[in-house]
Amino acid sequence: MLTAFISCFLIIFVYASVWFAIAVYKKRNDVADIAWGLGYMLICGYLFYTYPATEISILLYTLVTAWGLRLSIHIYSRNKNKTEDFRYKAWREEWGKSFYLRSYLQVFLLQGLFLLIIISPVIHVAVQLPVKWNGFTWIGLCCWIIGFYFQAVADWQLSVFKSDKNNKGLIIQTGLWKYSRHPNYFGEILMWWGIFIITIPFSNSFYFIISPLTITLLLAFVSGVPLLEKKYKGNPAFEEYKKRTSVLIPMPRRKIQ
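Everything numeric in this text was worked out from a predicted model, so none of it was measured. (Residues numbered from 1 in each chain as written. Predicted model: local features only at pLDDT ≥ 70, side-chain atom pairs only at ≥ 80, totals over all residues. Heavy atoms only, no water.)

## Details of the overall build of the protein chain
Per the secondary structure count, the protein chain includes eleven helices and zero strands. Of the regular secondary structure in the protein chain, the N- to C-terminal order runs α-α-α-α-α-α-α-α-α-α-α. A compact globule built from 257 residues would reach a C-alpha radius of gyration of about 18 Å, and the protein chain, at 19 Å, matches this within 12%. Overall, the protein chain is about 55 × 45 × 25 Å in size when its C-alpha atoms are taken along their principal axes. Counting every position in the protein chain, which comprises 257 residues, the buried fraction comes to 49%. (Helix = DSSP H or I, 4+ residues; strand = E, 2+ residues; numbered from the N terminus. Rg over C-alpha atoms; globule rule 2.2 N^0.38 Å. Buried < 20%, exposed > 50% of the residue type's maximum accessible area, 1.4 Å probe, protein only.)

Structure follows, in structure tokens:
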């Protein structure tokens, strides 16, 4: 198993370095967001061609590839013909002369490290003895499907909302966004918990609970929810929306007294 993780680490290191070079050439670090999903697909492809495929491993490769491909296409379409994402633009100004070094270390290599951690249950399963389809497989698959629905539909609803010029400056509060301020993040978190649940029957799988915990912490407390909500802080419409709507887990809207 150590060999598999070392190989994946080296692949991710080279992959992250190539995307850093692309970012320098394009003068926009938000290409890292496109690279995020594609990196998981690369690792799944490597594992598929390197280790004996089983029912469960193929299932995992398929789920991760479906998630990664959809996400990368969505982000590419969203960013096409637009300026660099506001988060990366702020870092470009904040980091000054150390911008390139910090970009390489804090954006691309750090993202590569998180990639390795989050996909670790899949790497673990790739080198284990086969396990038959079981109850955990079904539970995990159901969680993944629900999560995929929330992320894909929420992203689509937001794209449609933003494409309407009449909605400029407004906050989406319809569809899935009526029940959660970040239904797309909820979906992504649920998908990775689903993938972990599928791996539970494999030996020593509990160690890899670090995968869904990491993506949960990142999206809920670090780079996801906090950064986006900071952007809208002080916006009266958003503050009203915030009082009525659950931050992450979809819930009925609260009544304001």
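There is more to say, and it comes next.
## Things to note about the pattern of salt bridges
If you walk through the whole model with that rule in mind, you get five salt bridges. Two residues, Glu84 and Arg92, come together in a salt bridge whose shortest N-O distance is 3.0 Å. A relative accessible area of 9% places Glu84 in the buried class. By relative accessible area, Arg92 is classed as partly exposed at 26%. Arg181 is the partner of Glu229 in a salt bridge, and the nearest nitrogen-oxygen pair spans 2.8 Å. Linking Glu229 in helix 10 (residues 225-231) with Arg181 in the loop between helix 7 (135-163) and helix 8 (183-199), this pair joins segments that are 48 residues apart in sequence. The two residues Glu229 and Arg181 agree in class, both being buried. (Salt bridge = Lys/Arg side-chain N within 4 Å of Asp/Glu carboxyl O.)

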